[in-house]
Amino acid sequence: MLNSKHLVLAHFWLAFAVFGLALLLGEWQMFVRSPLNPWISNSELYYRSVTAHGSAMGYVFPTLIAMGFGYAITEFALKKPLIGRRWAWVGLLLVATGAVTAMIPVSLGLASILYTFYPPMIANPFYYIGIVLVVVGSWIWVALMSINMAAWKRDNPEKPVPLAMFANVAGAYLWGWTAVGAATEVIVLILPVALGLKTTIDAGLSRVFFSWTLHAIVYFWLMPTYIAYYTIFPRAIGGRLYSDAMARIAFILFVVVAMPIGIHHLFADPQVGAGFKFIQSVFTAMVALPTLVTIFTICASAELAGRLRGGKGPFGWVAALPWDNPMMLAVTFSFVMLGFGGAGGLINMSYQLDASIHNTQWITGHFHLIFAGAIVIMYFAISYDLWPHLTGRALNSARLMKAQLWLWFVGMIVTTFPWHYVGILGMPRRMASYDYTNPAIAPEALSVSISVFGGLLLLISAGLFFAVLIRGHRAPQSDPGEYRFSVAVHEPTRVPVALNGFALWLTLMITLTVINYGYPIVQLLALRGNAVPAVYVGAAR
Amino acid sequence: MSAERLFTFRNPWFAAGVGITGAIALLSLILGFVVLPYAATNSRLTSLWDAVCSAAGVPRPTATSETEKPSFTTSNVVMNSRTFGAPDTRSVGRGATLAMQCAICHGSNRQGQVDTPNLEGQPAAVVYKELRDFKAAARTSAIMSPFAIKLSEQDMLDLAAYYSYLPRQPGSHPDPAVTAPQVVVRGAPMRNIPTCASCHGINNAKPGTPWLDGQSAVYIKAQLQAFSSGTRRNDISEQMRNVARQMTPDEMNEAARYYAAQP
């Protein structure tokens, strides 16, 4: 039962259209700063492209996926029509309008500030207004998810909220709160400067507000992926979810500890005290917990499926898994990339280890491996799983799907592993050109070139992905049957009230935010004389 | 299920959730704000409160509060985007009169000497800053210093307004055959040399930096050498000294020749 097919499809298609364009820019960037291409001679073009790529991939694409998937989950899991479908369309319209509003100044070269804003660089105000519209559109989704769950709970007081919806709302709340940081930065600190009401800006405070958003946004991107691990994957491979309670605890842990940890992005920033860097580092380490819980639970679920399929012995169940199933492949690839990316992340969150890779290409390699690798490959898998239910037509290109997933996986490894390596060699990030004839930089040339070819594989993979979806739209109509989420080994008939709602966990999340961010923000607000002149991008000086 | 009370320590989930989160927060606060500050080998903490303040990042005077005074005069000109507004015509007029004593070396219509910079069309901030620095002896020149010493603040503003009001004249020796050398176009990232145009671009200059196109090669090279050897040190935060020290003599020659050949 899905009443909002068009709504979900519109979200997914807009998301993937944005993704496709931004992917082209990404590969162009890889190419022009590699030794395969003589320098393009205009750095501004490069930063323009990086801004478009980052803003599209970071703000628009995953937000639309989370929104669309969230609406689908609401109807599939709660088995009732979405409440507030009109508002959902308004949200989508806001995101689309915001994306266009932001991209116009970017393409005109008036907002080449990268998606992380980097004050005191100040872009054209329409860039920020566009981003705010995207966030406001997504807040409508946050509210709708909350309202739909509350309404369902009111109607079903004795039943546990279905896991998929519970996890979906966890992601919504996490995003709702984490977006407050960047929204405050943009609306309170940046926009007055961009509009010309002020000419100075407190760059340090802006960075602290941005860090509030910057790390937890990754967990918001991750949520659809984790929801798919828990609620789609066990069903797709013919097994059962090992534990419903562990799944809920994992999502709750994300809500509580994923938010107040962003200062580990500011390890090299002088305006934050070392004590706060330490405490946020501790909580960053805590985020490993829900991920480890997830890896355990999902591997256990896979083992159940393997044994149900006749696998024997300590490893025989692995061979018995349905390896020709796209979901099986996607989750395996996603786990491998999550493993490497997570290991890299442990380095980034360690104060001393971070010093050796801070602001190097290692970081860009890291977040591409996690986001574009582990997370986005599951966005593909989610689309493959949902598409027949959205279009009422079967996806018959199984071989194409597998080739696509393989290519994305191999492409991402080939792109990001050399990328990490050049970071260790000391190659700085956010630079448009490198003089590879310099003996000090020459050793990086080979690795950077390999990355370009990895990016090419990703482009081909994305082409296949679009081919699969478009062929799906052209396939003959067929009834996909009722959409089912995974069933747990022990289906919960009742769960503790703590695992059925978020009141307690949101309280903890906000309390921890106050502990971890309260003082640094108040201190910087109270400090005088720390504003610096704004640098207007694209303005004649 | 809904009858169960959540916000009470009798609820095991509440007790465990709040307890564990609180314990981790408390433990990391103690570690981060007390144990680690004391563990730092260079800590000069006087009390527990001092340790907490240092970890919280409270701005404090450092133990060695007296700063080292340089043996030479440094530039005390402060630049910001509001230093110079639109030129005032009376100021331009006064500047034109004052500039008559400059013309003997700085010429008009590029008739100046090869060892002097061309000032026509330079941003007001450039002329003003250099005059201030000459007057304060942050930059020294046997010829310029005596001129600058007698200038009042308003004289310097007027001269700056006048020269920025004049249109930039085309270069005297344009030579399209001279291609831009590596050090100008790309700088040298590994030696911390940015591209020249990141500050000296004609359309995109940082406040207080002159444009270089069409300037005399002799003058540019002499200034690079002066920055490199430290005989000129009125650049803010050693920006130009840090660049020039890293440049090879060949690169200085190439950069000077390139800019002199610009139209």
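Residues numbered from 1 in each chain as written. Chains lettered and ligands numbered in written order. Predicted model: local features only at pLDDT ≥ 70, side-chain atom pairs only at ≥ 80, totals over all residues.

### Side note on the overall build of chain A
So, step 1. Of regular secondary structure, chain A possesses 18 helices and 4 strands.
So, step 2. Its C-alpha atoms put chain A at 65 × 50 × 45 Å along the principal axes.
So, step 3. Among the 541 residues that make up chain A, the fraction classed as buried is 55%.
So, step 4. Counting only contacts in chain A whose residues sit at least 6 apart along the sequence, the fraction spanning at least 24 positions is 85%. (Helix = DSSP H or I, 4+ residues; strand = E, 2+ residues; numbered from the N terminus. Buried ≥ 20, exposed ≤ 12 C-beta atoms within 10 Å, placed from the backbone. Contact = placed C-beta atoms within 7 Å.)

### Section: the overall build of chain B
So, step 1. Scanning chain B from N- to C-terminus turns up 12 helices and 0 strands.
So, step 2. Overall, chain B shows an N-to-C arrangement of helices and strands of α-α-α-α-α-α-α-α-α-α-α-α.
So, step 3. Scaling as 2.2 N^0.38, a compact globule of 263 residues should have a C-alpha radius of gyration of about 18 Å, whereas chain B reaches 29 Å, well beyond that.
So, step 4. Overall, the C-alpha framework of chain B stretches about 90 × 45 × 40 Å when taken along its three principal axes.
So, step 5. For chain B, buried positions account for 29% of its 263 residues.
So, step 6. Residue pairs in contact within chain B that sit at least 24 positions apart in sequence constitute 66% of those at least 6 positions apart. (Rg over C-alpha atoms; globule rule 2.2 N^0.38 Å.)

### Side note on the interface of chain B and chain A
So, step 1. Contacts between chain B and chain A engage 34 residues on the former and 36 residues on the latter.
So, step 2. Of all the elements in the fold, those that place two or more residues in the side of chain B that touches chain A are helix 1 (12–39), helix 2 (48–56) and helix 8 (182–185) of chain B.
So, step 3. In terms of residue class, the side of chain B that touches chain A is built from 19 nonpolar, 12 polar and 3 charged. (Nonpolar A, V, L, I, M, F, W, Y, C, P; charged D, E, K, R; others polar.)

### Examining helix 5 (residues 163–194) of chain A
Residue and element names in this part refer to chain A.
So, step 1. With 32 residues, helix 5 extends 44 Å between its outermost C-alpha atoms, agreeing within 8% with the 46 Å of an ideal straight helix rising 1.5 Å per residue.
So, step 2. Within helix 5, the axis deviates most sharply at V186, by approximately 35°.
So, step 3. Taking burial as the measure, the 32 residues of helix 5 include 25 buried ones, the bulk of the element.
So, step 4. Phi for G196, located one or two positions after helix 5, is positive at around 85°. (Expected span 1.5 Å × (residues − 1). Bend = angle between axes of the 7 residues up to and from the residue.)

### Section: unusual backbone geometry
So, step 1. The omega angle of the peptide bond from P119 of chain A to P120 of chain A is 15°, so this bond is cis rather than trans.
So, step 2. Mapped onto the elements of the fold, P120 of chain A is located in the loop between helix 3 (85–107) and strand 1 (121–122).
So, step 3. Its identity is not glycine, yet K79 of chain A carries a phi of approximately 55°, on the positive side.
So, step 4. In this structure, K79 of chain A sits in the loop between helix 2 (43–78) and helix 3.
So, step 5. A positive phi angle, near 60°, is found at N192 of chain B, a position not held by glycine.
So, step 6. Along the polypeptide, N192 of chain B turns up in the loop between helix 8 and helix 9 (197–200).
So, step 7. Among the residues examined, N192 of chain B registers 11 C-beta atoms within 10 Å and is labelled exposed.

### Details of the nonpolar core
So, step 1. A170, L174, V255 and I377 of chain A are the most contacted members of the largest nonpolar core, which totals 181 residues.
So, step 2. At 19 residues, the largest contribution of residues to this core is made by helix 5 of chain A.
So, step 3. Discounting chain neighbours no more than four positions away, the residues touching L174 of chain A are A216, Y219, F220, F254, V255, A258 and M259 of chain A.
So, step 4. In this structure, W211, L224, A244 and A256 of chain B belong to the second largest nonpolar core, which totals 19 residues. (Core = buried A, V, L, I, M, F, W, Y, C linked by C-beta atoms within 7 Å.)

### Overview of the packing of helix 9 (residues 244–257) of chain A against helix 18 (residues 503–526) of chain A
All names here are of chain A.
So, step 1. Running from N to C, helix 9 and helix 18 cross one another at 30°; their axes reach a closest spacing of 7 Å. Here helix 18 runs roughly parallel to helix 9, going by the angle between their axes. Counting all contacts with helix 9, which are made through I252, V255 and V256, the residues of helix 18 involved are W505, L508, M509 and L512.
So, step 2. Residues of the contact of helix 9 with helix 18, tallied by class, amount to 7 nonpolar, no polar and no charged. (Axes fitted to C-alpha atoms, helices over the stretch in contact; angles between N-to-C directions. Parallel < 35°, antiparallel > 145°, perpendicular 65-115°, else oblique.)

### What to know about the domain arrangement of chain B
Residues and elements named next belong to chain B.
So, step 1. Taken domain by domain, chain B consists of domain 1 (12–56), domain 2 (75–169) and domain 3 (171–263).
So, step 2. Taking the mean C-alpha position of each, domain 2 and domain 3 sit 20 Å from one another.
So, step 3. Facing 19 residues of domain 2, the contacting portion of domain 3 comprises 16 residues. (Domains from an automatic or database assignment.)

### Concerning the packing of helix 3 (residues 89–98) of chain B against helix 7 (residues 153–165) of chain B
All names here are of chain B.
So, step 1. Two elements in contact, helix 3 and helix 7, have axes whose closest approach is 7 Å; the angle formed by their N-to-C orientations is 95°. One element, helix 3, and the other, helix 7, form an angle in the roughly perpendicular class. Across the interface between the two elements, S91, V92, R94, G95, A96 and L98 from helix 3 touch D155, L157, D158, L159, A161, Y162 and Y165 from helix 7.
So, step 2. Residues of the contact of helix 3 with helix 7, tallied by class, amount to 8 nonpolar, 2 polar and 3 charged.

### Thoughts on the environment of S28 of chain B
So, step 1. Tracing the backbone shows S28 of chain B in helix 1.
So, step 2. C-alpha separation for the pair S28 of chain B and N253 of chain B, spaced 225 residues apart in sequence, amounts to 57 Å.

### Observations regarding the environment of Q246 of chain B
Residues and elements named next belong to chain B.
So, step 1. Mapped onto the elements of the fold, Q246 is located in helix 11 (residues 239–246).
So, step 2. Owing to 16 C-beta atoms within 10 Å, Q246 belongs among the partly exposed residues under this scheme.
So, step 3. The sequence separation of Q246 and R191 amounts to 55 residues, and the corresponding C-alpha distance is 6.4 Å.
So, step 4. Contact partners of Q246, with chain neighbours within four places excluded, come to A188, R191, N192 and I193.

### Here's the deal with helix 10 (residues 217–229) of chain B
Residue and element names in this part refer to chain B.
So, step 1. Under the 1.5 Å per step criterion, the end-to-end length of helix 10 is 18 Å for 13 residues, consistent within 8% with the ideal 18 Å.
So, step 2. When we look at burial in helix 10, the residues that qualify are Y219, I220, Q223, L224 and F227. Projection of helix 10 onto a plane perpendicular to its axis shows the buried side chains occupying an angular sector of 130°, all on one side.
So, step 3. Looking at the buried positions of helix 10, the neighbouring elements they touch are helix 11 and helix 12 (249–260). (Arc of directions from axis to C-beta.)

### Here's the deal with the confidence of the model for chain B
So, step 1. Mean pLDDT for chain B: 87, with 90% of residues reaching 70 or above.
So, step 2. Scoring of the predicted complex yields 0.83 for pTM and 0.89 for ipTM. (pLDDT = per-residue confidence, 0-100.)

### A look at the environment of P496 of chain A
So, step 1. With respect to the element layout, P496 of chain A can be found in the loop between helix 17 (445–474) and helix 18.
So, step 2. P496 of chain A sits 69 residues away from M427 of chain A along the chain, and the two C-alpha atoms are 51 Å apart.
So, step 3. In contact with P496 of chain A, other than residues within four places in its own chain, are E4 and W13 of chain B.

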